[in-house]
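# Residue-level structure breakdown
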Amino acid sequence: MHLQLLAPDDAAELLGCTAVSVTDLLQSGVLPGVMFGRRGRIPAAALDARLNELALQEAEKRRGQAAITPTTALPPWGVTVLPTRRRAAPPLT
């Protein structure tokens with residue numbers, strides 16, 4: 001069995017962020033991995049599983065939002081329509 005471990009630089013390249021961001025996510029527990037001092041290693045399979053989990057959650061949110069109609073898409077505080085200025089009609093002569 002071969003376990004592929006990714007350095008924060010490698011994971012950052014895959015995720016499109018910085019290595020510092022990956023290290024922060026590791027330290028906070030958002031990304032699965034093991035910290036070795038200041039640097040960490042992320043198992044590739046665990047990163048794949050976490051990304052799949054997040055993708056499924058986002059897809060579920062989008063599916064829930066797909067049923068929103070324009071009338072229900074208004075913000076909860078409502079919308080204020082301001083009166084427009086109308087120009088006076090030119091005199092008929």
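The following refers to the structure shown.

Analysis parameters
Residues numbered from 1 in each chain as written. Predicted model: local features only at pLDDT ≥ 70, side-chain atom pairs only at ≥ 80, totals over all residues. Heavy atoms only, no water. Buried < 20%, exposed > 50% of the residue type's maximum accessible area, 1.4 Å probe, protein only. Helix = DSSP H or I, 4+ residues; strand = E, 2+ residues; numbered from the N terminus. Arc of directions from axis to C-beta. Pairing = 2+ DSSP bridges. Contact = heavy atoms within 4.5 Å. Axes fitted to C-alpha atoms, helices over the stretch in contact; angles between N-to-C directions.

### Things to note about helix α1 (residues 8-15)
Looking only at α1, the buried set comprises Pro8, Ala11 and Ala12. Down the axis of α1, the buried side of the element spans an arc of 105°, and every buried residue falls inside it. Exposed residues on α1 whose side chains face more than 90 degrees from its buried face are Glu13 and Leu14. Gly16 lies just past α1 and shows a positive phi near 75°.

### Some thoughts on the pairing of strand β3 (residues 39-43)
Bridge analysis of strand β1 (residues 5-6) against β3 gives two bridges, and the strand direction is antiparallel. Looking across to β3, one finds that Leu5 is bridged to Pro43. Bridge count between strand β2 (residues 34-36) and β3: three bridges; the pairing is antiparallel. The partner of Met35 across the bridge, within β3, is Gly40. Counting the residues between successive antiparallel strands, the hairpin from β2 to β3 contains two residues, one of them, Gly37, with a positive phi of roughly 70°.

### Examining helix α2 (residues 19-28)
Listing the buried residues of α2 in full gives Ala19, Val22, Thr23 and Leu26. Looking down the long axis of α2, one finds its buried residues gathered within 100° of arc, a one-sided arrangement. Summarising the geometry of α2, the exposed residues directed more than 90 degrees from the buried face are Val20 and Ser28. Each element contacted by the buried residues of α2 is listed here: α1, β2 and β3.

### Some words on the sheet that holds β1
Pairing is antiparallel across the open sheet formed by three strands, whose spatial order is β1-β3-β2. Each edge of the sheet is formed by a strand with only one pairing partner; in this case those strands are β1 and β2. Along the sheet, α1 makes contact with β1 and β3, crossing β3 at roughly 55°. Lying on the sheet, α2 is in contact with β2 and β3; it crosses β3 at an angle near 80°.

Note that every value here comes from positions in space, so none of it alone points to a role or purpose.
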